[in-house]
Amino acid sequence: MINKVIDHMMIENRQHFMIPGEVVASVNEDNSLRHAFLVLTKVRYAKIPVLDHDDHLKGLLSLSMITNTMLGLDDLSFAPLDQLCVKDVMEKDLVTIEDPYDVENVLHLLVDNPFLPVVQADGTFTGIVTRREVMKGINYIGHNIDKQYAVTAREPVAKD
Ligand code: AMP
């Protein structure tokens with residue numbers, strides 16, 4: 001179990017961890033792969049959320065999911081970019097968190113995921129929590145913990 005003080009300081013900063021949905025680059029599940037290809041290339045993020053027309057989170061999309069459809073035996077074909085749409089290739093097996101989220105769970109999940117989509121109970125997308133924002137929070141704790149708490153070293157435990 002995570003240390004209570006760390007948990008408390010992380011919770012104090014929890015709102016700062018989430019990048020709100022309005023500023024998260026995303027595509028619609030019905031967008032053509034051509035459109036999604038342009039968006040992903042322009043924003044330069046490795047993976048972005050896929051939403052439906054009611055802002056529900058439906059999947060995640062990366063550039064390699066698109067370019068995989070273009071691979072021929074010894075050439076690239078651009079035809080799939082107009083024949084397929086985002087929902088045909090997106091990743092649907094999602095790890096998400098609900099707001100308010102448990103800090104300890106988020107720390108565990110961020111080990112294997114560079115970011116976590118935040119959704120409401122009905123699946124509405126509200127934003128993302130990224131490793132970068134959480135690292136900033138940990139940096140803050142490292143610099144401020146002794147301003148709020150007395151941190152002293154324990155006596156070393158005697159070994160026989
Ligand atoms: P970071 O921890 O900032 O490097 O972000 C990790 C990942 O989160 C990025 O590679 C993207 O896949 C995703 N991400 C971060 N910020 C955004 C954003 N504003 N819009 C869409 N995806 C983002």
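Presented here is a report on the structure given in the accompanying data block.

What counts, and at which threshold
Residues numbered from 1 in each chain as written. Predicted model: local features only at pLDDT ≥ 70, side-chain atom pairs only at ≥ 80, totals over all residues. Heavy atoms only, no water. Buried < 20%, exposed > 50% of the residue type's maximum accessible area, 1.4 Å probe, protein only. Helix = DSSP H or I, 4+ residues; strand = E, 2+ residues; numbered from the N terminus. Arc of directions from axis to C-beta. Contact = heavy atoms within 4.5 Å. Pairing = 2+ DSSP bridges. Axes fitted to C-alpha atoms, helices over the stretch in contact; angles between N-to-C directions. Near = heavy atom within 4 Å. Polar contact = N/O pair within 3.5 Å; in protein donor to acceptor, adjacent residues only side chain to side chain. Areas by Shrake-Rupley, 256 points an atom, 1.4 Å probe, with all protein chains shown as cover. Nonpolar A, V, L, I, M, F, W, Y, C, P; charged D, E, K, R; others polar. Parallel < 35°, antiparallel > 145°, perpendicular 65-115°, else oblique. Left-handed = near helix turned anticlockwise from the far one by under 90°.

**A closer look at helix H3 (residues 33–43)**
Among the residues of H3, Leu33, Ala36, Val39 and Leu40 are the ones counted as buried. Buried residues of H3 fall within an arc of 120 degrees about the axis and therefore sit on the same side. Opposite the buried face of H3, by more than 90 degrees, sit the exposed residues Leu38 and Lys42. Taken together, the buried residues of H3 touch strand S2 (27–28), strand S3 (47–51), strand S4 (57–62), helix H4 (63–70), helix H5 (80–83) and helix H6 (86–89). Downstream of H3 by one or two residues, Arg44 has phi in the positive range, about 65 degrees.

**Points about the sheet that holds S3**
Pairing in this open sheet of three strands is mixed, and the strands run S2-S3-S4 from one edge to the other. Each end of this open sheet is capped by a strand with a single partner; those strands are S2 and S4. Where S3 lies against S4, five bridges are found, and the strand directions are antiparallel. The residue bridging Lys47 from the neighbouring strand is Ser62, located in S4. In the packing of H4 onto the sheet, the strands contacted are S3 and S4, and the crossing angle to S4 comes to about 70 degrees.

**Quick look at the site of the ligand**
Taken together, 14 residues lie around the ligand, and Val23, Ala25, Lys47, Phe115 and Arg132 are the ones closest in. One of the backbone N or O atoms of Ala25 is found 2.8 Å from a nitrogen atom in the ligand. Taking Lys47, its main chain carries an N or O atom lying 2.6 Å from an oxygen atom of the ligand. Considered on its own, the ligand offers 480 Å² of accessible surface; in the complex 80% of this is hidden by protein. Of all elements in the fold, only S3, strand S7 (125–130) and helix H8 (131–148) reach the threshold of two or more residues within the shell around the ligand. Residues of the shell around the ligand, tallied by class, amount to ten nonpolar, one polar and three charged.

**Focus on the pairing of S7**
Where burial is concerned, most of S7 is hidden: six out of the six residues are buried. Here strand S1 (residues 18–20) pairs with S7 via three bridges, running antiparallel. Residue pairing in the sheet places Met18 in a bridge with Val129 of S7. Inspection of the sheet shows strand S6 (residues 115–119) paired to S7 by five bridges, in the antiparallel sense. Directly across from Pro117, in S7, lies its bridge partner Ile128. Joining the antiparallel neighbours S6 and S7 is a turn of five residues, in which Gly123 adopts a positive phi near 90 degrees.

**Let's talk about the packing of helix H1 (residues 4–12) against H8**
Look at H1 against H8: their axes get within 10 Å of each other, and the N-to-C directions meet at 120 degrees. Considered as vectors, H1 and H8 are oriented oblique to each other. In this structure, H1 meets H8 at a crossing whose hand is right-handed. Between H1 and H8, the contacting residues are Val5, Ile6, Met9, Met10 and Glu12 on the first element and Val134, Ile138, Tyr140, Ile141, Asn144, Ile145 and Gln148 on the second. A per-class count over the contact of H1 with H8 returns nine nonpolar, two polar and one charged.

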